[in-house]
Amino acid sequence: MRKLLKILRYKRHIIDPKALLTLELVGGLILFYFIFADITLLIDSIRVMYIFGFAIIAGNHRLFAHNSWPCPTWLKRLILLVSTLSLHGPVLAWVAVHRQHHHMSDQEGDPHSPLHKSRLWVQFLSYTYPPDLRYSLDLYKDKWQRAMFDFYWVINIVFAVILFLINPVFVAVWLAATFLAQMQAFAVNALAHNTPWFLFPTKEKSTKDASRNVPILALINGGEGWHLNHHLKPWKWYFGEKWWQFDLTGVQIFITLLLTKPSYLLDLYHKRKNNVIAN
Ligand SMILES: [Zn+2]
Ligand SMILES: [Zn+2]
């Protein structure tokens, strides 16, 4: 165990935040260029953003960090690969940072609380927070997770070369899409805690942290804006608690379950009907 922890302490330095930040900047500049010069490429980037967005929100967050829905192994591997290509850093690191956020929410030691760090830092620089991989020890046991971590840059460089050989424009669309997906996901960290008043945050129940439900944010980032709900019940894959709290990612997960694990949904339905589970 001690040897494993030593390896993890060393391994967290494999991911150079400067490289991720540079790619984030390049993606942002390309996107800026698309906005003014090529609207079709902008639309393509938004389309690809949704694919990366699903991998981050339904995958990194609701599946890998919280284990909230039963995913078939083949789909888990696919989501892991797409997430790796979204340039959010390796899943192991993402999950470690996120679990630490839940563990120490808005206290000292929260990796990205806008109460302790500036909102701009949370939005653009949270990469620079070194992950404490002890938080993702369970995932580390999976050889696919380890491979995606150890060969993170190799996989992304190979992917970039393949895209470039097919069509160099694809590399630009890829980087612009990863930037958009990053902004979409990081907006929750920056804006769903200590939320500015003009986003009309609500707090229906009290929590020790500063998380809020932010309907505007929920609309633009696939339901993640129901952040207070999520902090109260992190084990749930559907974040809406009231009928009008629409959660796009929750619906996508529901459709995925309907296609791959209908028996699970049926079982869930019976348990709720018989009040075996309360939520
Ligand atoms: Zn939070
Ligand atoms: Zn979470």
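Up top is the structure.
For clarity, every value in this text was computed on a predicted model and none was experimentally measured.

## Description of the overall build of the protein chain
Item 1. Within the protein chain one finds 14 helices and zero strands.
Item 2. Put simply, the protein chain runs from its N terminus to its C terminus through helices and strands in the order α-α-α-α-α-α-α-α-α-α-α-α-α-α.
Item 3. At 19 Å, the protein chain has a C-alpha radius of gyration in line with the 19 Å of a compact globule built from 279 residues.
Item 4. Along the first, second and third principal axes, the C-alpha set of the protein chain runs to 55 × 50 × 40 Å.
Item 5. Buried positions account for 39% of the 279 residues belonging to the protein chain.

## Quick word on the packing of helix H3 (residues 39-65) against helix H5 (residues 91-103)
Item 1. Close contact between H3 and H5 brings their axes to 10 Å; oriented N to C, the two are set at 65°. If you check the angle between H3 and H5, you find them roughly perpendicular. In this structure, H3 crosses over H5, and the sense of that crossing is right-handed. The segment H3 lies against H5, with Asn60, His61, Phe64 and Ala65 engaging Val91, Trp94, Val95, His98 and Arg99.
Item 2. Tallied by class, the residues present in the contact of H3 with H5 amount to five nonpolar, three polar and one charged.

## Some points on the packing of H3 against helix H4 (residues 73-84)
Item 1. For the pair H3 and H4, interaxial distance at closest approach is 9 Å and the crossing angle is 120°. For the crossing formed where H3 meets H4, the hand is left-handed. Counted together, Ile51, Phe52, Ala55, Ile56, Gly59, Asn60 and Leu63 of H3 and Ile79, Val82 and Ser83 of H4 form the full contact between these two elements.
Item 2. Its residues assigned to classes, the contact of H3 with H4 comprises seven nonpolar, three polar and no charged.

## Focus on helix H14 (residues 262-273)
Item 1. Here H14 spans 17 Å end to end across 12 residues, near enough to the 16 Å set by a 1.5 Å rise per residue.
Item 2. Asn275 lies just past H14 and shows a positive phi near 55°.

## Looking at unusual backbone geometry
Note on backbone geometry: most residues besides glycine have negative phi, and most peptide bonds are trans.
Item 1. If you check the backbone angles, Asn67 has positive phi at about 50° while not being a glycine.
Item 2. Judged by local crowding, Asn67 falls into the partly exposed class, with 15 C-beta atoms found within 10 Å.
Item 3. Phi at Asp106 is positive, roughly 60°, even though this residue is not glycine.

## Notes on the nonpolar core
Item 1. Of all hydrophobic cores here, the largest spans 53 residues; its most connected members are Leu92, Val95, Ala176 and Ala177.
Item 2. Counting residues per element, this core draws most heavily on helix H10 (residues 168-191), which supplies 14 residues.
Item 3. Residues within four places of Leu92 in sequence aside, it is in contact with Leu133, Ser136, Leu139, Tyr140, Gln145 and Phe149.

## Topic: helix H8 (residues 143-150)
Item 1. Among the residues of H8, Gln145, Met148 and Phe149 are the ones counted as buried. The arc enclosing the buried residues of H8, seen along the axis, measures out at 100°, which places them on a common side.

## Topic: the environment of His88
Item 1. Of note, His88 is situated in the loop between H4 and H5.
Item 2. By C-beta crowding, His88 is classed as buried, having 22 other C-beta atoms within 10 Å.
Item 3. With residues up to four places along the chain from it excluded, the contact list for His88 reads Ile56, Asn60, Ser83, Trp94 and Gln182.

## Some details on the environment of Met183
Item 1. Of note, Met183 is situated in helix H10.
Item 2. The class of Met183 is partly exposed, set by 19 C-beta atoms lying within 10 Å.
Item 3. For the pair formed by Met183 and Phe200, sequence separation is 17 residues and the distance between their alpha carbons is 20 Å.

What counts as what
- In this numbering scheme, every chain counts its residues from 1 along its sequence in written order.
- As they are written, the chains are lettered A onward and the ligands numbered 1 onward, keeping that order.
- Reporting in this predicted model follows two pLDDT cut-offs: at least 70 for local features of residues, and 80 or more for side-chain atom pairs to be given and counted; totals over whole chains, interfaces and linings ignore these cut-offs and use all residues.
- Every helix listed is a DSSP run of H or I at least four residues long, and every strand listed is a run of E at least two residues long, numbered separately from the N terminus.
- Every radius of gyration here is taken over C-alpha atoms, with the globule rule written as 2.2 Å times N^0.38, N being the number of residues.
- Counts of 20 or more other C-beta atoms within 10 Å of a residue's own C-beta define buried residues, counts of 12 or fewer define exposed ones, and intermediate counts define partly exposed ones; C-beta atoms are placed from the backbone.
- The convention used is that axes are lines fitted to C-alpha atoms, helices contributing only their stretch in contact, and that angles between N-to-C directions extend from 0 to 180 degrees.
- In this scheme, roughly parallel covers angles under 35 degrees and roughly antiparallel covers those over 145, while 65 to 115 is roughly perpendicular and the rest are oblique.
- Crossing handedness follows the turn of the near helix against the far one: under a right angle anticlockwise gives a left-handed crossing, and clockwise gives a right-handed one.
- Note that contacts rest on C-beta atoms placed from the backbone: two residues are in contact if these are within 7 Å.
- Only Asp, Glu, Lys and Arg are considered charged, only Ala, Val, Leu, Ile, Met, Phe, Trp, Tyr, Cys and Pro nonpolar, and every remaining residue, Gly among them, polar.
- By this rule the span expected of a helix is its residue count minus one, scaled by 1.5 Å.
- In these notes, a nonpolar core means any group of buried Ala, Val, Leu, Ile, Met, Phe, Trp, Tyr and Cys residues linked to one another through C-beta atoms within 7 Å.
- Directions pointing from the helix axis toward each C-beta atom define the arc.

Limitation: the analysis is restricted to geometry and does not speak to function.
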